[in-house]
Amino acid sequence: MSNQKYGAGIWHFATYVDRYATDGYGEPRTILDAIDLAGQVGDLDVVDLNYPFFGGDFSNEQIKEALDRNKLSVIGITPEIYTRVFAKGSFTNPDPGVRRLAHELISDAANQVRAFDADYVKLWPGQDGWDYPFQVDYGTLWKASLDGVGQLASENPDLKFVIEYKPREPRVHMAFDSVARTLLGIEKIGLPNVGILLDFGHALFGGESPADSAQLAIDYGRLFGMDVNDNLRSWDDDMIAGTVHPIELFEFFVTLRKNGWEGVWQLDQFPFREDSVKAAKSAIRFLKKAEAGLDRLDFAALAEAQTQQDAVKAMELAQDALYGW
């Protein structure tokens, strides 16, 4: 029987707006509503919670009650350092008062990680970056990014801080935009409790091979977490995992298995028009098939094919394993 755990960002079960459907794609939900929906999936073990909690003024006790009745625990806390007040950045904001506000918010999130006995604070500094040539001094901006993360990690040595990189959106160019640049920054910070949360879709969107990105992060001992979803490579569509790039997602999982990486397989999906519970169930259905494929895969034969760069043989082995041929 599999011991693999599955998780989801709690936003998977929220409702969404975009710049066209500004009235939203459903009735507003609170975080308690979202937790109850997550509980209906059946296979979820953990959730990642936005902070502050959305939809109302809820106490930790209310959140814990909702988690308990749905048999869920918390893997991470994601502070909302990408909202309007941080439009010009969180760590890189030109206003020192806003930078202090970001630090305080993330420090509060760190205390929530302790309160919920979670694994990490997830940093997604989506507003940190630039939009136009000449808009910023690149050296100053990059130093501010590293100083901001480094200060938090040094002040909270008992906690993990994971950086979720992404090429763009909402900024036209994000500071932490790729696995390589993020690893360079983490190595410059030089603290053991800073790592990467590798979003499969962000790697696709950035023109990376997600399996290669995972290997690079593992080689540096910095792969602290992962999210899966899918997209058409031209945007961060956050579609149901396995619907567009199943073979690359399988290669991603093969890389994790080959390296002995064990962790939660977590969903970061935005089912705008789909039923959120059904979307999560569908993704986990594929993930279970991928796990079964890992058990079928002849890793020794794959390694031999790869030593010869035999693309045809390697692909046939992968296809046979994934699809049960």
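Going by the structure above, here's the rest.
This structure is a prediction, so every number in the text was calculated from the model and none was measured.

*Asks:* What am I meant to see in the overall build of the protein here?
*Replies:* When you go through the protein residue by residue, the secondary structure sums to eleven helices and ten strands. Expected size for 325 residues packed as a compact globule is a radius of gyration near 20 Å; at 20 Å, the protein falls within 12% of this value. The C-alpha extent of the protein, read off along each of the three principal axes, is 60 × 45 × 40 Å. The buried share among the 325 residues of the protein stands at 54%. Contacts in the protein between residues far apart in sequence, at least 24 positions, make up 77% of those at least 6 positions apart. Taking the average place of the 31 positive charges on the side chains of the protein and the average place of its 50 negative ones, the gap between the two points comes to 1 Å.

*Asks:* It is not clear to me how the sheet that holds strand E1 (residues 6-9) should be interpreted in this structure. Could you clarify?
*Replies:* Sheet strands line up and pair through hydrogen bonds in the backbone, either parallel or antiparallel. One closed barrel accounts for eight strands, arranged E1-E2-E3-E4-E6-E8-E9-E10; its pairing is parallel. Neighbour-to-neighbour, the strand axes of the sheet open up by a mean angle of 30 degrees, direction not taken into account. Across three bridges, the pairing between E1 and strand E10 (residues 265-267) is parallel. Along E10, the bridge assignment pairs Gly-7 with Gln-266.

*Asks:* Would you take a moment to explain the side chain of Asp-268 for this structure?
*Replies:* Counting through the fold element by element, Asp-268 comes out in the loop between E10 and helix H9 (276-296). For Asp-268, which is buried and forms no salt bridge, the nearest opposite charge comes from Lys-122, at a distance of 5.0 Å. If near-sequence neighbours (up to four positions away) are discounted, Asp-268 is found in contact with Trp-11, Glu-164, Asp-199, Asp-227, Val-228, Asn-229 and Asp-238.

*Asks:* I'm lost on the environment of Ile-81 in this one. Help?
*Replies:* With respect to the secondary-structure elements, Ile-81 resides in the loop between strand E3 (73-79) and helix H3 (96-115). When the C-alpha positions of Ile-81 and Leu-267 are compared, they lie 21 Å apart, and in sequence the two are 186 residues distant. Residues contacting Ile-81, with those up to four places away along its chain left out, are Phe-86, Ser-90, Phe-91, Leu-105, Ile-106, Trp-124 and Pro-125.

*Asks:* Hey, could you run me through H9 in this one?
*Replies:* Note: α-helices contain 3.6 residues per turn, so residues at a spacing of three or four share the same orientation. The terminal C-alpha atoms of H9, which comprises 21 residues, lie 31 Å apart, in line with the 30 Å expected from a rise of 1.5 Å per residue. Within H9, the full set of buried residues consists of Ser-276, Val-277, Ala-279, Ala-280, Ala-283, Ile-284, Phe-286, Leu-287, Ala-290, Glu-291, Gly-293 and Leu-294. Where H9 begins, one side-chain oxygen reaches toward the backbone nitrogen of Val-277, 3.1 Å away; that side chain belongs to Asp-275.

*Asks:* Which parts of the structure should I look at to understand the nonpolar core?
*Replies:* As a rule of thumb, soluble globular proteins bury nonpolar side chains together. Core analysis: the largest hydrophobic core is formed by 94 residues, its most contacted members being Ile-10 and Phe-253. Per-element tally for this core: the top contributor is H9, with nine residues. The contacts of Phe-253, once residues within four sequence positions are left out, are Met-226, Val-228, Trp-265, Leu-287, Ala-290 and Leu-294. Counting seven residues, the second-largest nonpolar core is a separate cluster that includes Ile-75, Tyr-120, Val-162 and Val-264.

*Asks:* Help me understand helix H8 (residues 246-258) in this model?
*Replies:* The terminal C-alpha atoms of H8, which comprises 13 residues, lie 18 Å apart, in line with the 18 Å expected from a rise of 1.5 Å per residue. Along H8, the residues classified as buried are Pro-246, Glu-248, Leu-249, Phe-250, Phe-252, Phe-253, Val-254, Thr-255 and Leu-256. Residue Gly-260 follows H8 closely and has a positive phi angle near 70 degrees.

*Asks:* How do you make sense of the packing of H9 against helix H11 (residues 311-323) when you look at a structure like this?
*Replies:* Look at H9 against H11: their axes get within 7 Å of each other, and the N-to-C directions meet at 125 degrees. When the interaxial angle is binned, H9 and H11 end up oblique. Once H9 is placed against H11, the crossing between them reads as right-handed. On H11, the residues touching Phe-286, Lys-289, Ala-290, Gly-293 and Arg-296 of H9 are Asp-320, Ala-321, Leu-322 and Tyr-323. Grouping the constituent residues of the contact of H9 with H11 by class yields five nonpolar, one polar and three charged.

*Asks:* Teacher, can you tell me more about the pattern of salt bridges here?
*Replies:* Oppositely charged side chains are able to pair whenever their charged atoms sit close together. Under the criterion given, the structure shown has twelve salt bridges. For Arg-69, the salt bridge goes to Asp-36, with nearest N and O atoms at 3.0 Å. With Arg-69 in helix H2 (residues 60-69) and Asp-36 in helix H1 (residues 31-39), this pair connects stretches of sequence that are 33 residues apart. You can call Asp-36 partly exposed: its relative accessible area is 26%. Across the salt bridge formed by Asp-236 and Lys-166, the nearest N and O atoms sit 3.1 Å from each other. One end of the pair, Asp-236, is in the loop between strand E9 (223-228) and H8; the other, Lys-166, is in the loop between strand E6 (160-163) and strand E7 (173-174), and 70 residues separate them in sequence. One exposure class covers both Asp-236 and Lys-166, and it is buried. Three or more residues joined by partner-sharing salt bridges are found here, namely Asp-48, Lys-122 and Glu-164.

Calculation criteria
Residues numbered from 1 in each chain as written. Predicted model: local features only at pLDDT ≥ 70, side-chain atom pairs only at ≥ 80, totals over all residues. Heavy atoms only, no water. Helix = DSSP H or I, 4+ residues; strand = E, 2+ residues; numbered from the N terminus. Rg over C-alpha atoms; globule rule 2.2 N^0.38 Å. Buried < 20%, exposed > 50% of the residue type's maximum accessible area, 1.4 Å probe, protein only. Contact = heavy atoms within 4.5 Å. Lys, Arg positive; Asp, Glu negative; His and termini not counted. Charge placed at Lys NZ, Arg CZ, Asp CG, Glu CD. Pairing = 2+ DSSP bridges. Axes fitted to C-alpha atoms, helices over the stretch in contact; angles between N-to-C directions. Salt bridge = Lys/Arg side-chain N within 4 Å of Asp/Glu carboxyl O. Expected span 1.5 Å × (residues − 1). Polar contact = N/O pair within 3.5 Å; in protein donor to acceptor, adjacent residues only side chain to side chain. Core = buried A, V, L, I, M, F, W, Y, C linked by side-chain atoms within 4.5 Å. Parallel < 35°, antiparallel > 145°, perpendicular 65-115°, else oblique. Left-handed = near helix turned anticlockwise from the far one by under 90°. Nonpolar A, V, L, I, M, F, W, Y, C, P; charged D, E, K, R; others polar.

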